[in-house]
Amino acid sequence: MTTSAPASRDEAAVATLGVLAAACPSGKVGLMGSMAQPGAADDYSDIDIVWIIPPDGARGLLSALRRTLEQVGMVESLRVDPRERPGFLLVFVRFGGWPLWWRVDLEVHSAGVEGMSIEGADPWTEAESACMGVVVTLKALARQRPAQAEILFGQALRRVDGVDVDGDWRLRIDSVLDHLDARSPSSTGLVARTRQLSHDVLGR
């Protein structure tokens with residue numbers, strides 16, 4: 001287990017696909033979204049993966065999922081989207097030392113899987129969800145999509161009862177991150193990384 005990032009996002013994706021394939025040889029695993037389409041990904045794309053596993057082995061595979069992913073790197077956060085979706089779970093994974101752009105969004109598909117739990121999953125917190133909302137807001141801004149950024153930022157604010165302030169994007173994002181710092185001390189490290197990402201995208 002390591003906290004250093006792979007040399008590239010492609011390498012990170014290959015390593016993640018490899019450990020999931022090895023964990024369930026009878027299943028299927030592959031990329032989705034922009035990384036599955038040649039030339040479609042950009043510097044801000046995350047890693048979207050679909051993993052189809054047989055129902056008779058799903059519970060054991062989910063119980064071991066965090067340990068499986070730790071073969072790739074230190075799992076900093078593993079959260080399961082609380083919205084119930086028949087036949088699949090949506091799992092968000094952040095690895096220690098990896099850029100925040102490289103979050104792994106893992107869809108686990110199997111009959112009845114929506115009723116199963118993942119051993120060692122982290123709690124679903126609104127503070128982390130809001131930070132990730134800021135990250136995707138920054139992604140939209142970096143891609144020159146201001147209308148989408150407004151929608152995403154509004155969603156992030158609502159998660160933590162944040163108040164939008166007048167000013168440019170730097171001021172608005174710093175304000176909600178200050179709110180998160182005060183509201184959720186346990187998220188201080190993630191807030192700091194998100195603030196640095198904001199400065200990298202928008203300038204100081």
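Coordinates for the structure precede this section.
Now for a quick tour of the structure. Nothing here was measured: the structure is a model prediction, and the numbers come from that model. (Residues numbered from 1 in each chain as written. Predicted model: local features only at pLDDT ≥ 70, side-chain atom pairs only at ≥ 80, totals over all residues. Heavy atoms only, no water.)

As paired strands, strand β2 (residues 47-52) and strand β5 (residues 104-109) are joined by 6 bridges and run parallel to one another. Bridging from a neighbouring strand, D48 pairs with D105 of β5. Pairing geometry for strand β4 (residues 88-95) and β5, over 6 bridges, is antiparallel. Across the sheet, V93 pairs through a bridge with V104, a residue of β5. (Pairing = 2+ DSSP bridges. Helix = DSSP H or I, 4+ residues; strand = E, 2+ residues; numbered from the N terminus.)

Tallied over the full model, the rule gives 5 aromatic pairs. Between Y44 and W101, the aromatic rings sit 5.2 Å apart at their centres with planes inclined by 80°, giving edge-to-face as the arrangement. Within this pair, whereas Y44 is found in the loop between β1 (28-31) and β2, its partner W101 is found in the loop between β4 and β5, the two being separated by 57 residues in sequence. Aromatic side chains F92 and W124 sit 6.0 Å apart centroid to centroid with 40° between the ring planes, which places their arrangement in the tilted category. Of this pair, F92 sits in strand β4 while W124 sits in the loop between β5 and α4 (126-142), and the two are 32 residues apart along the sequence. Grouped by ring-pair contacts, the aromatic residues F95, W98 and W102 constitute a single cluster. Directly above the aromatic system of W124 lies the positively charged group of R79, at a separation of 4.1 Å from the ring centroid. (Phe/Tyr/Trp six-rings, centres within 6.5 Å; stacked < 30°, edge-to-face > 60°. Lys NZ or Arg CZ within 6 Å of the ring centre and 35° of its normal.)

What follows concerns the packing of α4 against helix α5 (residues 146-159). Following both chains from N to C, one finds α4 and α5 inclined at 170°, their axes separated by 8 Å at the closest point. In terms of orientation, α4 lies roughly antiparallel with respect to α5. Packed against α4, whose contacting residues are E126, S129, A130, G133, V134, V136, T137, A140 and L141, the element α5 presents P146, Q148, A149, L152, F153, A156 and R159 at the interface. Grouping the constituent residues of the contact of α4 with α5 by class yields 10 nonpolar, 4 polar and 2 charged. (Axes fitted to C-alpha atoms, helices over the stretch in contact; angles between N-to-C directions. Parallel < 35°, antiparallel > 145°, perpendicular 65-115°, else oblique. Contact = heavy atoms within 4.5 Å. Nonpolar A, V, L, I, M, F, W, Y, C, P; charged D, E, K, R; others polar.)

Scanning the entire structure with this criterion turns up 18 salt bridges. One salt bridge connects K139 with D46, and the closest N-O pair in it is separated by 3.9 Å. Taken together, the residues span a long stretch of sequence, with K139 in helix α4 and D46 in the loop between β1 and β2 at a distance of 93 residues. Judged by its relative accessible area of 9%, K139 falls in the buried class. The class of D46 is buried, set by a relative accessible area of 15%. A salt bridge links D174 to R195; the shortest N-O distance between them is 3.3 Å. You can see D174 sitting in helix α6 (residues 169-183) and its partner R195 sitting in helix α7 (residues 188-202), a full 21 residues away along the chain. Residue classification places R195 among the buried positions, given a relative accessible area of 18%. (Salt bridge = Lys/Arg side-chain N within 4 Å of Asp/Glu carboxyl O. Buried < 20%, exposed > 50% of the residue type's maximum accessible area, 1.4 Å probe, protein only.)

Attention now goes to the sheet that holds β5. Strand order in the open sheet made by the 5 strands is β1-β2-β5-β4-β3, with mixed pairing throughout. Of all the strands in the sheet, just β1 and β3 (75-80) have a single pairing partner and so form its edges. Each adjacent strand pair in this sheet contributes to an overall mean axis angle of 20°, direction not counted. Bridge count between β3 and β4: 5 bridges; the pairing is antiparallel. Bridge pairing in β4 links R79 to F92. The sheet strands contacting α4 are β3 and β4, and the helix crosses β3 at an angle near 105°.

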